[in-house]
Amino acid sequence: MEFRRTHYTSQVTQEMDGQTVKLAGWVHEIRDLGGIMFLILRDREGMAQLTMFKKTIDPQVLETAKSLSRESVILVEGSVKLEAKAPGGYELVPARIDLLNPAQSPLPMDTTGKVNAELDTRLDNRFMDVRRPRVNAVFQIRHHTLSAVRNFLEQEGFLEINTPKVVATATEGGTALFPITYFDTEAFLNQSPQLFKQIMMSGGMDRVFEIGPIFRAEEHDTTRHLNEATSIDIEASFLDHEDVMQLLENLIVHVYESVAKNCANSLKTIGKELDIPKAPFKRLTYDEAIELNNEHSKELLEWGDDLSTNAEKVIGKVMGEHYFIKDWPTEIKPYYTQPYEDNPELTKAFDMMHPRMELSSGAQRIHDHDLLRQRIQDQGLNPDGFDFYLKAFKYGIPPHSGWGLGAERLVMTMLDIDNIRDVVLFPRDRKRVSP
Ligand code: AMO
């Protein structure tokens with residue numbers, strides 16, 4: 001059976017009037033108006049209208065068209081006819097329709113957007129949910145977001161690395177680990193590539209990045225947490241926290257600009273116009289952030305408290321755009337962040353915030369072996385478990401800095417999407433491990 005297309009629906013242009021093309025995709029809708037029948041064919045890139053006048057169309061083509069169930073997969077050969085009112089500005093007069101694979105009915109969910117489905121129904125039937133133009137658009141934008149990240153970091157001299165997801169130690173205090181059985185020892189799913197990206201600074205790789213899964217056994221069920229998320233991580237030698245903050249804000253601007261440029265159709269489909277953020281982002285110190293919260297919120301915070309979700313919202317509302325919070329109390333940031341030499345109560349750590357939520361955390365790291373070992377101990381962890389990591393600090397590791405940026409949070413805040421589950425194909429949360 002022949003099933004090759006010549007074009008996506010979006011590739012048919014005005015100049016192709018009268019030309020024969022082959023389109024392949026799904027039967028999105030069929031409208032039978034008596035003397036005339038319309039079939040909307042959908043592929044990844046859009047829709048095309050097949051127009052069949054019953055008096056003039058080949059009876060066999062009409063018969064096939066009539067027999068088609070919605071969401072069946074077809075290959076259509078036909079001639080292009082310009083038609084301003086049709087999607088894409090053309091219609092197709094089919095000379096041939098081949099049914100490649102029929103869809104059963106009833107369908108598990110609607111793909112036209114006319115019937116609203118519950119999130120659970122959508123996720124249970126993700127293969128069909130992704131056929132919906134709006135959902136398809138979100139994942140096209142997610143692709144272009146990660147592609148823009150890669151381009152930017154590569155231009156800045158970063159090498160892409162892949163580090164293990166099966167590990168022996170925790171990296172981030174505060175969030176729980178998923179234990180797994182690994183032959184006859186216990187292992188865990190990795191919370192962050194933190195230790196490995198730092199070790200590669202000792203390896204002389206200078207600037208590295210990774211886009212990969214992180215696993216967090218957090219119990220809470222929110223619209224901005226997943227138990228498996230995608231983290232964009234960087235680590236860079238001979239740069240301090242201010243340098244990597246600058247990289248981060250420039251990356252965000254680059255991503256927005258690239259998405260605005262490359263995803264015009266997808267943005268239109270979801271009805272979103274991007275406001276491109278401007279660098280440099282405002283920088284608040286932790287002290288200023290606490291003050292702002294206490295000025296505007298009833299839930300007062302004391303120095304040394306972590307920022308609550310409520311505080312993030314209150315401060316975000318006042319700021320109204322992306323911003324940094326820097327100079328955190330050393331006590332509430334992970335052991336690997338570098339305290340200020342002249343004021344060790346504060347650490348060279350930062351968070352990068354969207355008005356709705358935290359997008360990234362980062363820091364200059366401790367590169368002194370003894371101090372690092374001490375800090376691990378101070379935070380109640382056993383340095384023996386960190387031998388493989390600490391070893392890399394004994395034989396020449398440069399000063400270095402880095403950050404981790406949540407890919408899902410980046411996409412959901414860019415597109416004004418409420419629930420993080422809407423920007424990941426197969427979300428993993430408290431209640432869902434399948435599909
Ligand atoms: P942190 O734990 O702050 O830092 O994570 C970095 C960013 O990853 C995203 N993120 C999540 N997104 C969705 N669901 C989750 N459960 C989740 N957990 C984290 C957030 C967050 O800002 N090692 C450090 C980074 C570094 O210093 O380089 C770290 O993991 O957007």
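Model, not experiment: these values are computed from the prediction.

On to the overall build of the protein. The number of helices and strands found in the protein is 12 helices and 17 strands. Dimensions of the protein, computed from the C-alpha atoms along their principal axes, are close to 85 × 55 × 40 Å. Scored against the burial criterion, the 435 residues of the protein give a buried share of 52%. Long-range pairs, those at least 24 residues apart, make up 64% of the contacts in the protein between residues at least 6 apart in sequence. Carbon and sulfur atoms form 49% of the exposed surface of the protein, whose accessible area is close to 21200 Å².

Now for the confidence of the model for the protein. Across the protein, the average pLDDT comes to 96, with 100% of residues at 70 or higher. Here strand β9 (residues 185-189) is the element of the protein with the lowest mean pLDDT, 92, and strand β17 (residues 400-406) is the one with the highest, 99.

What follows concerns the side chain of Thr330. Inspection of the secondary structure assignment puts Thr330 in the loop between β13 (323-329) and β14 (339-340). Accessibility expressed as a relative area gives 5% for Thr330, which makes it buried.

Once that is clear, we can look at the nonpolar core. Generally speaking, nonpolar side chains in soluble globular proteins are found buried as a group. Ranked by size, the top nonpolar core spans 50 residues in total, and within it Ile232, Trp403, Leu405 and Leu415 carry the most contacts. Among the elements that take part in this core, helix α6 (residues 241-262) stands out by supplying 10 residues, more than any other. Among residues more than four places away in sequence, those in contact with Ile232 are Leu146, Val149, Glu210, Ile211, Trp403, Gly404, Leu405, Ala407 and Leu410. Residues Leu23, Leu39, Ile57 and Ala65 belong to the second largest nonpolar core, which totals 22 residues.

For the structure on display, the rule yields 34 salt bridges. Between Lys54 and Asp32 there is a salt bridge; the shortest N-O distance is 2.5 Å. Residue Lys54 is located in the loop between β3 (46-53) and α1 (59-67), and its partner Asp32 is located in strand β1 (residues 20-32); the two are separated by 22 residues in the primary sequence. Taking relative accessible area as the criterion, Lys54 reaches 23% and is therefore assigned partly exposed. Each member of the salt-bridge network shares a partner with another, and the members are Arg122, Arg126, Asp129, Arg132 and Asp422.

Let us now look at the site of the ligand. The local shell around the ligand holds 24 residues, among which Gln194, Lys197, Arg216, Glu358 and Ser361 are the closest. The separation between a nitrogen atom of the ligand and a polar side-chain atom of Glu218 is 2.9 Å. Burial of the ligand by the surrounding chains reaches 93%, relative to a free accessible area of 620 Å². Contributing elements (two or more residues each) for the shell around the ligand: α5 (194-202), β11 (228-237), β16 (357-364) and β17. The greatest single-element share of the shell around the ligand, amounting to five residues, is contributed by β16. Looking at the shell around the ligand residue by residue, the class counts come to seven nonpolar, eight polar and nine charged.

The next thing to look at is the environment of Ala86. Checked against the element boundaries, Ala86 lands in the loop between β4 (73-82) and β5 (90-101). Overall, the relative accessible area of 7% leaves Ala86 in the buried class. Considered as a pair, Ala86 and Ile40 are 46 residues apart in the sequence and their alpha carbons are 9.8 Å apart. Aside from chain neighbours lying at most four places away, what touches Ala86 is Gln49 and Glu91.

Before going further, it helps to examine a nonpolar patch on the surface. Nonpolar side chains collect at one region of the surface, where Val166, Tyr182 and Phe183 lie side by side and expose about 340 Å² of accessible area between them. Tracing the sequence through the fold places Val166 in strand β7 (residues 166-167).

This next bit is on the sheet that holds β5. One closed barrel holds the five strands; their spatial order is β1-β2-β3-β5-β4, and the pairing between them is mixed. In this sheet, neighbouring strand axes are inclined to one another by 50° on average, regardless of whether the strands run parallel or antiparallel. In this structure, strand β2 (residues 36-43) lies alongside β3, joined through eight bridges in antiparallel fashion. Within β3, the position partnered with Leu41 by the bridge is Ala48. Together, β1, β2, β3 and β5 form the strand contacts of α1, whose direction differs from that of β5 by roughly 65°.

Okay, unusual backbone geometry next. Residue Pro280 follows Ala279 across a cis peptide bond; omega there is 0°. Note that Pro280 resides in the loop between α7 (264-270) and β12 (282-285). Note that the residue after Ser434, namely Pro435, is joined by a cis bond; omega there is -5°. Phi angles above zero are rare outside glycine, and Glu71 is one such case at about 75°. Checked against the element boundaries, Glu71 lands in the loop between α1 and β4. Notably, Asp206 is not glycine yet its phi reads approximately 70°, a positive angle.

Conventions and cut-offs
- Residues numbered from 1 in each chain as written.
- Predicted model: local features only at pLDDT ≥ 70, side-chain atom pairs only at ≥ 80, totals over all residues.
- Heavy atoms only, no water.
- Helix = DSSP H or I, 4+ residues; strand = E, 2+ residues; numbered from the N terminus.
- Buried < 20%, exposed > 50% of the residue type's maximum accessible area, 1.4 Å probe, protein only.
- Contact = heavy atoms within 4.5 Å.
- Areas by Shrake-Rupley, 256 points an atom, 1.4 Å probe, with all protein chains shown as cover.
- pLDDT = per-residue confidence, 0-100.
- Core = buried A, V, L, I, M, F, W, Y, C linked by side-chain atoms within 4.5 Å.
- Salt bridge = Lys/Arg side-chain N within 4 Å of Asp/Glu carboxyl O.
- Near = heavy atom within 4 Å.
- Polar contact = N/O pair within 3.5 Å; in protein donor to acceptor, adjacent residues only side chain to side chain.
- Nonpolar A, V, L, I, M, F, W, Y, C, P; charged D, E, K, R; others polar.
- Patch = residues over 30% accessible without salt bridge, like charges linked within 9 Å, V, L, I, M, F, W, Y side chains within 5 Å.
- Pairing = 2+ DSSP bridges.
- Axes fitted to C-alpha atoms, helices over the stretch in contact; angles between N-to-C directions.

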